[in-house]
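Notes for the structure review
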Amino acid sequence: MGRPRTESVAGAVAPAEVALTGDLARPARLTVPDLPAWPQHRVRFDCATSGVQHHRFEGPLLHDVLSAVGPLFDPDRRKDRLRFLIAVTGADGHRALLSWAEIDPDFGRAPVLLAAGIDDTSLERCGPQLVLPQDRCGARYVSGVNTIRVDGRYGPWA
Ligand SMILES: Nc1nc2c(c(=O)[nH]1)N[C@H]1C(S)=C(S)[C@@H](COP(=O)(O)O)O[C@H]1N2
Ligand SMILES: [Mo]
């Protein structure tokens, strides 16, 4: 997989940025060093082309990162969250969609991470990787994440 690098004019490698966009009160740009430390998750997944892989990832919960930027839910209606999608895109255009409810502690509670490190190596230069310990297959482990769009256009319901 390609490792996107951002060269500064001085030739030093700048940290990759992630745009948090969409239906948010506080859209933001993050770098891997902005992600707070979090307990490591050891995961195993199976790729159709390269077989079983074992990795240790560390990083914050995606739910915590996105909650901090204020998805535009109705705060008084828990079920208003059910209409939000999360589109996670890598620098190569690979994209996976999650529902907000999938990662919400009141609903699916999936412990999805926005990993800042893999196997003790920082992802500062290539960008964070989405980690879904509940997935058997690796296809949603989007690497080099550069955009996360929260999308609440599906509703509200009457
Ligand atoms: N950005 C990006 N992330 C990606 C992919 C990709 O093509 N682009 N492939 C996925 C697949 S199919 C797998 S199995 C895992 C691990 O793939 P790797 O061994 O090529 O890193 O990364 C996932 N993340
Ligand atoms: Mo894969």
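Residues numbered from 1 in each chain as written. Chains lettered and ligands numbered in written order. Predicted model: local features only at pLDDT ≥ 70, side-chain atom pairs only at ≥ 80, totals over all residues. Heavy atoms only, no water.

Per an unreviewed UniProt entry, the protein chain goes by Molybdopterin-dependent oxidoreductase and derives from Streptomyces chiangmaiensis.

Examining the sheet that holds strand β10 (residues 117–118)
Working definition: the strands of a sheet are paired by backbone hydrogen bonds and lie parallel or antiparallel to each other. Worth spelling out the cut-off: Two strands pair under a simple rule: DSSP has to find at least two bridges between them. For helices the rule is a DSSP run of H or I covering at least 4 residues; for strands it is a run of E covering at least 2, with both sets numbered from the N terminus onward.
The strand order across the open sheet built from four strands is β5-β6-β10-β11, with neighbouring strands paired in antiparallel fashion. Two strands bound the open sheet, and with one partner strand each, they are β5 (41–47) and β11 (121–122). Direction of pairing for β5 relative to strand β6 (residues 51–58): antiparallel, over a ladder of seven bridges. Among the inter-strand pairings, Arg 44 is bridged to a residue of β6, identified as His 54.

Quick look at the side chain of Asp 151
Convention followed: Here a polar contact is recorded for every N or O atom pair within 3.5 Å, except that within protein the pair must consist of a potential hydrogen donor and a potential acceptor, and residues adjacent in sequence are included only if both atoms are side-chain atoms.
Position of Asp 151 among the secondary structure elements: in strand β13 (residues 145–151). One polar contact links Asp 151 to Arg 153, side chain to side chain, over a distance of 2.8 Å.

As for the packing of aromatic side chains
For the record, the criterion: Aromatic rings from Phe, Tyr and Trp, taking only the six-membered ring of Trp, are treated as a pair when their centres fall within 6.5 Å; an angle between ring planes under 30 degrees marks them as stacked, one over 60 as edge-to-face, and anything in between as tilted. Here the term buried applies to any residue with accessible area under 20% of the maximum for its type, exposed to any over 50%, and partly exposed to those in between, with areas from a 1.4 Å probe on protein chains only.
Under the criterion given, the structure shown has four aromatic pairs. Judged by centre distance (4.4 Å) and plane angle (35°), the rings of Phe 45 and Tyr 141 are tilted. Here Phe 45, found in strand β5, pairs with Tyr 141, found in the loop between β12 (129–131) and β13; they are 96 residues apart in sequence, far enough to count as distant. Comparing Phe 45 with Tyr 141 shows no difference in burial state: the two are buried. Look at Phe 57 and Tyr 141: their rings are 6.0 Å apart centre to centre, the planes differ by 45°, and that puts the pair in the tilted class. Taken together, the residues span a long stretch of sequence, with Phe 57 in strand β6 and Tyr 141 in the loop between β12 and β13 at a distance of 84 residues. A relative accessible area of 0% places Phe 57 in the buried class. The structure contains a cluster of three or more aromatic residues connected by ring pairs, namely Phe 45, Phe 57 and Tyr 141.

With respect to the sheet that holds strand β8 (residues 95–99)
Applicable threshold: Simply put, an axis is a line fit to the C-alpha atoms, just over the touching stretch for a helix, and the angle between two N-to-C directions goes from 0 to 180 degrees.
Spatially, the five strands line up as an open sheet ordered β4-β3-β13-β7-β8, and their pairing is mixed. Strands with a single pairing partner mark the edges of an open sheet, and in this sheet they are β4 (28–31) and β8. Adjacent strand axes in the sheet meet at a mean angle of 20°, parallel and antiparallel pairs treated alike. Two elements, strand β7 (residues 85–90) and β13, share six bridges in a ladder whose sense is antiparallel.

Let's talk about the pattern of salt bridges
Applied cut-off: We count a salt bridge whenever a side-chain nitrogen from Lys or Arg sits within 4 Å of a carboxyl oxygen from Asp or Glu.
For the structure shown, the criterion picks out eleven salt bridges. With a shortest N-O distance of 2.6 Å, Arg 29 and Glu 17 are connected by a salt bridge. In this pair, Arg 29 is assigned in strand β4 and Glu 17 in strand β3 (residues 17–22), connecting sequence segments twelve residues apart. For Asp 106, the salt bridge goes to Arg 78, with nearest N and O atoms at 3.6 Å. Here the residue Asp 106 occupies a position in the loop between α2 (100–103) and β9 (113–115), and Arg 78 occupies one in the loop between α1 (62–68) and β7, the gap between them amounting to 28 residues. Judged by relative accessible area, Asp 106 falls into the partly exposed class, the value being 43%. Among the residues examined, Arg 78 registers a relative accessible area of 53% and is labelled exposed. Linked by salt bridges that have partners in common, Arg 78, Arg 81, Asp 104 and Asp 106 make up one network.

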